[in-house]
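A look at the structure
Read off the chains here:
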Amino acid sequence: MSSAQSMIERRPPSVAHLLLSRVKATPQGEAYRYPVPVDEQAADGAPGAEQWRSLTWAQAHERITAVAAGLMSLGILAEDRVAIASATRIEWILADLGNMCAGAATTTVYPSTNADETAFILANSGSRALFAENETQLRKAVEQKAQLPALEVVVLFDAAGEAALAEAAQADGLTVLTLAELEQRGAEHLAEHPDAVEKAIDSLDKEQLATLIYTSGTTGRPKGVRLVHDCWSYEGVAQEESGLLRADDVQFMWLPLSHVFGKTLISGQIATGHVMAVDGRVDRIIHNLPVIRPTLMASAPRIFEKVYNGIAGKARAEGGAKYKIFMWAAKVAREYAQTIQANKIATGQESAPLGLRLQHALADKLVYTKIRAAFGGRLRGAVSGSAALAPEIGYFFKGAGVPVLEGYGLTETSAGSTVNRAEDFRVGTVGLPLPGTEVRIAEDGEILLRGPGIMRGYHEMPEQTAEVLEADGWFHTGDIGELGEGGYLRITDRKKDMFKTSGGKYVAPSEVEGKFKAICPFVSNILVIGNGRNYCTALIGLDEAVIMPWAAEHGLGGKSYAEVVADPATVELIDGFVKRLNGELQRWQTIKKFALLPRDLDIEHGELTPSLKIKRPVVERTYADEVTAMYAGSNEA
């Protein structure tokens, strides 16, 4: 038995146990960094300025224990659901770990979730308490209180200016506290019962419910995924043993912690003890990177696509020699990355011909060093998950010295199932299984997974559970894939997204969409359509931050986004990229017609999930007229 496998089998029953071990091992080690506003009156800070503060493991543990004890003082019992509706911030982590140390189970709610769906999640989970980030999140609970008989307590992260709303909530039968007040209650409870939290942790069973995460699925109401303490303990140990996370890392955590991808990394960070810098404000990512200088960052592919489009768009705007240099450097990056990867697979050594190495060295001085600097200058790996990354973009970043390590998992698998390792990652794959996880491919190509991270079922949905979870533990992912040389997994498409044209040809839309994103620097979202049709079409949303500067330079300045995308010049521009795409596709995959959307797809209109996956049925319904027009006169039955 390998040492890694032995460690996996000897894992503790919960993340709470991992936390106690971490605090004992490195009490004064830095655990978390987080931004706070600088006092407007402070001599060293201008209004609106921020500074980063730190918590040691001992300090974090003290606050987490106070939160846990505070919940216990309110009567929260083992496996009681306690929800968190907040953006990613240090308080989210303290609340989540406090819940688990008290024996409660965290129910996650995206802060962007509307009041109706928030009420559904709180009611379906039976949540007794809610950590609410601010007045907006509190208001959702107050407005829907009649549907939430189990909800008794709301704890606010941001308390300023909410007295009136808090009074209304209390009048409606809710106890409303600030986080500071909850921690004070916890301190008082511990004064009387100093070992209360330790006893709660000691009594945790590995099969006890730890988390309910509701899938943001593309159709219908979300399903509550039941993840037990053993799921998170396994994820923490497996991430450490795989080498994905290291003790000397500085990780930038901006991902939504309401999503399983972000939350699973909390477990890994506790297992390794590295520093996590926490700030979920997406508009601050570019600003924060050179400040934090992370060695590791996790992200959805959309961020890498936006970075690539932004770099390409800026080079295009500068024009002339700079644009030619960038396009040459991008080509060299891809060719170099593809060459060294192919040679590594064939011979075990990363190598490239002398001429290509010299070109790469020159491109590095002219272009790649600036790209690495934008990421903080010391990124050893950027983990990408939740959707597919176009291989062309992956090769570009690999060649530029920014390793994008694709991984794979689902809410139902506690996120981490397979991942590429920095020392031997393969673009176009989602890597190797984490220690302790098994992968096999069914006869129809579906990916099946088995291991400790697999959910124990959907909350109160036994029939739906039986559809995807076999009695021997194999989970049906709904994704199509293949295991390549060395056991590296490649995702082909979502089983339910693949379609057949009326000519009987199968099309994997994500493959076509990924190729287009790598070709066109102006695209934000693309949806390929063609199920039962005699040709494929596409709905395309453009990236406003990239297309508007182009528009200003081409006589369209002063026009709105909708006017720009409707202009014949823009249509002609995108048509050129569609023709380039078609040159790389099989005939039946080619895009015969496309429509530019009057606005980009977004979460607010229900077209994207909070993890930025396209809700295909919603988009097709919303733009049914555009789809009909693209097939008008096509003699379809």
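Quantities reported herein were computed from a predicted structural model and do not represent experimental measurements.

Here's the deal with the sheet that holds strand S9 (residues 224–228)
Spatially, S7-S6-S5-S3-S4-S8-S9 is the arrangement adopted by the seven strands of the open sheet, whose pairing is mixed. The sheet is open, and its two borders are formed by strand S7 (175–178) and S9, each paired with just one other strand. Averaged over all pairs of adjacent strands, the angle between strand axes in this sheet comes to 20 degrees, irrespective of strand direction. Alignment of strand S3 (residues 81–85) against strand S5 (residues 129–132), held across four bridges, turns out to be parallel. In the sheet register, Ala83 faces S5, and the bridge partner there is Leu130.

Considerations on helix H13 (residues 301–318)
The end-to-end C-alpha distance of H13, which contains 18 residues, comes to 26 Å, matching closely the 26 Å that a straight helix rising 1.5 Å per residue would cover. Residues of H13 that are buried include every one of Pro301, Arg302, Ile303, Phe304, Glu305, Val307, Tyr308, Asn309, Ala312, Gly313 and Ala315, and no others. Backbone geometry just after H13 places Gly319 at a positive phi near 65 degrees.

Digging into the environment of Glu183
Note that Glu183 resides in helix H8 (residues 179–192). On the basis of relative accessible area, Glu183 is assigned to the buried category, the value being 14%. When the C-alpha positions of Glu183 and Leu71 are compared, they lie 8.9 Å apart, and in sequence the two are 112 residues distant. Leave out the neighbours within four places in its chain, and Glu183 touches Arg63, Ala66 and Val67.

Quick notes on the side chain of Asn420
On the secondary structure map, Asn420 appears in the loop between strand S15 (418–419) and strand S16 (432–433). Of the residues examined, Asn420 reaches a relative accessible area of 1% and is grouped as buried. Within polar-contact distance, the side chain of Asn420 engages the backbone nitrogen of Arg426 at 2.9 Å. When sequence neighbours within four positions are dropped, the list of residues in contact with Asn420 reads Leu244, Leu405, Glu406, Phe425, Arg426, Thr429, Val430, Gly431 and Tyr488.

Focus on the nonpolar core
Core analysis: the largest hydrophobic core is formed by 125 residues, its most contacted members being Tyr32, Leu97, Phe131, Leu182, Ile270, Phe375 and Phe397. Considering each element in turn, this core owes the most residues, eight residues, to helix H4 (residues 90–101). Membership of the second largest hydrophobic core comes to 31 residues, among which are Val507, Tyr561, Leu581 and Leu585.

Quick look at the pattern of salt bridges
Here the structure, examined in full by the defined rule, presents 32 salt bridges. The shortest N-O distance in the salt bridge between Glu91 and Arg89 comes to 2.8 Å. For the pair Glu91 and Arg89, a shared accessibility class is recorded, and that class is buried. Note that Glu305 is salt-bridged to Arg302, the shortest N-O span being 3.3 Å. Of the two residues, Glu305 and Arg302 both sit in helix H13, three residues apart, roughly one turn of that helix. For Arg302, a relative accessible area of 12% corresponds to the buried category.

Thoughts on the sheet that holds strand S23 (residues 523–529)
Pairing in this open sheet of three strands is mixed, and the strands run S23-S24-S25 from one edge to the other. Taken across any chain shown, the strands that pair with only one partner, and hence form the sheet edges, are S23 and strand S25 (591–596). Geometrically, the sheet is characterised by an average inter-axis angle of 25 degrees between neighbouring strands, direction not taken into account. The pairing of S23 with strand S24 (residues 536–542) spans six bridges and is classified as antiparallel. When the sheet's bridge partners are listed, Asn525 is paired in S24 with Gly541.

Describing the pairing of strand S19 (residues 475–483)
With three bridges connecting them, strand S18 (residues 446–450) and S19 associate as antiparallel partners. Residue pairing for S19: Glu446 is matched across the bridge by Ile480. Relative to strand S20 (residues 489–494), S19 runs antiparallel, the two being bridged by five bridges. Residue pairing for S20: Glu482 is matched across the bridge by Arg490. Joining the antiparallel neighbours S19 and S20 is a turn of five residues, in which Gly486 adopts a positive phi near 80 degrees.

Looking at the packing of aromatic side chains
Tallying each qualifying case throughout the model produces 12 aromatic pairs. By way of ring pairs, the aromatic residues Phe304, Tyr308, Phe326, Phe375, Phe396 and Phe397 are connected into one cluster. Above the ring of Tyr458, the side-chain terminus of Lys223 is found at 5.0 Å from the ring centroid. The ring centre of Trp588 lies 4.5 Å from the NZ or CZ of Lys505, which sits over that ring.

Some thoughts on the environment of Phe499
Relative to the helices and strands, Phe499 resides in strand S21 (residues 499–500). Residue classification places Phe499 among the buried positions, given a relative accessible area of 6%. For Phe499 and Ile529, which are 30 residues apart along the polypeptide, the C-alpha to C-alpha distance reads 8.7 Å. Residue contacts for Phe499: discarding those within four places in its chain leaves Lys505, Tyr506, Val507, Pro509, Val528, Ile529, Gly530, Asn531 and Cys536.

Scoring rules and cut-offs
- Residues numbered from 1 in each chain as written.
- Predicted model: local features only at pLDDT ≥ 70, side-chain atom pairs only at ≥ 80, totals over all residues.
- Heavy atoms only, no water.
- Pairing = 2+ DSSP bridges.
- Helix = DSSP H or I, 4+ residues; strand = E, 2+ residues; numbered from the N terminus.
- Axes fitted to C-alpha atoms, helices over the stretch in contact; angles between N-to-C directions.
- Expected span 1.5 Å × (residues − 1).
- Buried < 20%, exposed > 50% of the residue type's maximum accessible area, 1.4 Å probe, protein only.
- Contact = heavy atoms within 4.5 Å.
- Polar contact = N/O pair within 3.5 Å; in protein donor to acceptor, adjacent residues only side chain to side chain.
- Core = buried A, V, L, I, M, F, W, Y, C linked by side-chain atoms within 4.5 Å.
- Salt bridge = Lys/Arg side-chain N within 4 Å of Asp/Glu carboxyl O.
- Phe/Tyr/Trp six-rings, centres within 6.5 Å; stacked < 30°, edge-to-face > 60°.
- Lys NZ or Arg CZ within 6 Å of the ring centre and 35° of its normal.

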